[in-house]
Each structure stands twice: as structure tokens, then as C-alpha cells.
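A closer look at the structure
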Amino acid sequence: MRRLAVFLASSDGNDPAYADLAAGVGAELARRGIGVVYGGGRRGLMGVLADSALEAGGEVIGVMPRSMVEREWAHEQVTELLLCDSMHERKAIMAQHADAFVALPGGLGTLEEIFEVWSWRQLGFHTKPVGLLDAGGFWTPLLDALRGVADSGFLPTATLDDLAVAPELPGLLDALDQRLRRALQPARAGRPAPDGGGTV
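Only a predicted model underlies this, so the values are computations on that prediction, with no experimental measurement involved.

1. Overview of the packing of aromatic side chains
Scanning the entire structure with this criterion turns up 4 aromatic pairs. Arranged with centres 6.2 Å apart and planes meeting at 5°, the rings of F7 and F101 form a pair that is stacked. Of this pair, F7 sits in strand β1 (residues 3-7) while F101 sits in strand β5 (residues 100-103), placing them 94 residues apart in sequence. Across the pair, F101 and F7 agree in class, each one buried. Ring centres of F138 and W139 lie 4.8 Å apart, and the angle between their planes is 85°; this geometry places the pair in the edge-to-face category.

Below is the structure:
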């Protein structure tokens, strides 16, 4: 894995542990030589993630709409800041530059971003794995709700099982790597290709 897209809050949250988590993720990704792709912000957990990765010598690519840059929300010290015109374009650019996706604690924006790339994977628009870092059980209520959705017949169990979930980053990275290796294996004859591009 060369780069990981990380979705997380642009605010700090109510618990200092969230900032500690973001700092640890940034430093560990840099230590492993995995670049960070994120929303480009300098505030909240986004800023903590970027700062920690940069301080550890890592690559950090930020992606942000020009309107947000004009409001001075952008982190100006990132390795590369890619500008776009809309939130839709922002997510597409992040997806292009990342090999996998992870959500850390966050709110509506984080949820919307991780659900979109997860649904893209389910529909076969990409084969990049998607995961939740469930540190401190932050995502456990959401996972319980998703199990209810699956039990109601609106979410395939295989799709829910495909979501990588772990309480700590090393375990989550291992789960993402396993899914990446599976995606790189040749499909059996006559089966649809994992990117939806016909049969192989």
C-alpha cells in the first residue's frame, strides 16, 4: 500500500484521545512509508493527522475545494495540495490517489465520505478496500446499526463482512492489505472482473 485516504473530523471532538489517535495514525503511517491522502484541512483532527505525519517525515497530500482555501482552511505545509471546484471532485481526486480508505472519528462529512467509497466498492466501481478504525469503540454503535440494516435485508452480509474493522491501526492495515491482495488475484474464467469491466 503506497497511500491511504483518511477521512476524519475537521474539529477536535470532546475527548483529547481523538487527537492522540489522529497523531498516532499520522506518525505510524509515515513510519511505514505509507502516504496520507486527506481533505487538506489545518484544523481539528485533520490538522493533527497531517502535522504528525509531516513531522515524522511522511508524505501528505491534501485535497480541497478552492472555496475552502479562500476561507483559509487549508494546511499550507502539506507535501502537495490539490485544488478542485466541488466536494464531489474532492472525493474523486482522493480516490484516485489512494490505495485504500479509512475513517477515523468524525461527523457527517466523515460518514458521507466513507459510505460513498464503500458503496462504490460494492457496485464494482473500484476494488480498493475500505475500513473503520474502531478505537475505543467509536464506530461500534454504527456497526450495530449496520447489522440491523443487514438483518432487515437491505445490506448484503458479504458487503458488511467486506468492511475492514479493527480497534488499532496495525490490525486494520493488515486487514486492508489482505483485501488488496485478494483484489490483485486473477479472477476465475467466466467470473466478472472485480472492477466491473466484464469477464476475464
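Once the structure has been displayed, the description carries forward.
2. With respect to the sheet that holds strand β4 (residues 80-84)
One open sheet accounts for 7 strands, arranged β4-β3-β2-β1-β5-β6-β7; its pairing is parallel. Each end of this open sheet is capped by a strand with a single partner; those strands are β4 and β7 (164-166). Across the sheet, the axes of successive neighbouring strands diverge by a mean angle of 25°, strand direction being ignored. Pairing of β1 with strand β2 (residues 35-38) involves 3 bridges; the strand directions are parallel. Residue A5 lies in a different strand from β2, and its bridge partner there is V37. Here helix α8 (residues 169-184) sits on the sheet in contact with β1, β5, β6 (130-133) and β7, set at roughly 160° to β7.

3. Section: the pattern of salt bridges
Evaluation of the coordinates by the stated rule reveals 8 salt bridges. Note that K91 is salt-bridged to E112, the shortest N-O span being 2.2 Å. With a gap of 21 residues between them, K91 in helix α4 (residues 87-97) and E112 in helix α5 (residues 108-123) connect regions that are remote in the sequence. By relative accessible area, K91 is classed as buried at 7%. For E112, a relative accessible area of 36% gives the class partly exposed. A salt bridge links R147 to D144; the shortest N-O distance between them is 2.8 Å. Of this pair, R147 and D144 both sit in helix α6 (residues 140-151), separated by 3 residues, roughly a single helical turn. On the accessibility criterion, D144 (45% relative accessible area) is partly exposed. Overlapping salt bridges bring together E28, R31 and R32 as one network.

4. Regarding α5
Given a rise of 1.5 Å per residue, 16 residues ought to cover 22 Å, and the 22 Å separating the end C-alpha atoms of α5 matches this to within 8%. Listed as buried for α5 are T110, E113, I114, V117, W118 and R121. Each buried residue of α5 lies within a common arc of 120° when the element is viewed along its axis, so the set occupies one face. Exposed and facing more than 90 degrees away from the buried side of α5 are L108 and L123. Immediately downstream of α5, the backbone of G124 shows phi near 85°, a positive value.

Conventions used here
- Residues numbered from 1 in each chain as written.
- Predicted model: local features only at pLDDT ≥ 70, side-chain atom pairs only at ≥ 80, totals over all residues.
- Heavy atoms only, no water.
- Phe/Tyr/Trp six-rings, centres within 6.5 Å; stacked < 30°, edge-to-face > 60°.
- Helix = DSSP H or I, 4+ residues; strand = E, 2+ residues; numbered from the N terminus.
- Buried < 20%, exposed > 50% of the residue type's maximum accessible area, 1.4 Å probe, protein only.
- Pairing = 2+ DSSP bridges.
- Axes fitted to C-alpha atoms, helices over the stretch in contact; angles between N-to-C directions.
- Contact = heavy atoms within 4.5 Å.
- Salt bridge = Lys/Arg side-chain N within 4 Å of Asp/Glu carboxyl O.
- Expected span 1.5 Å × (residues − 1).
- Arc of directions from axis to C-beta.

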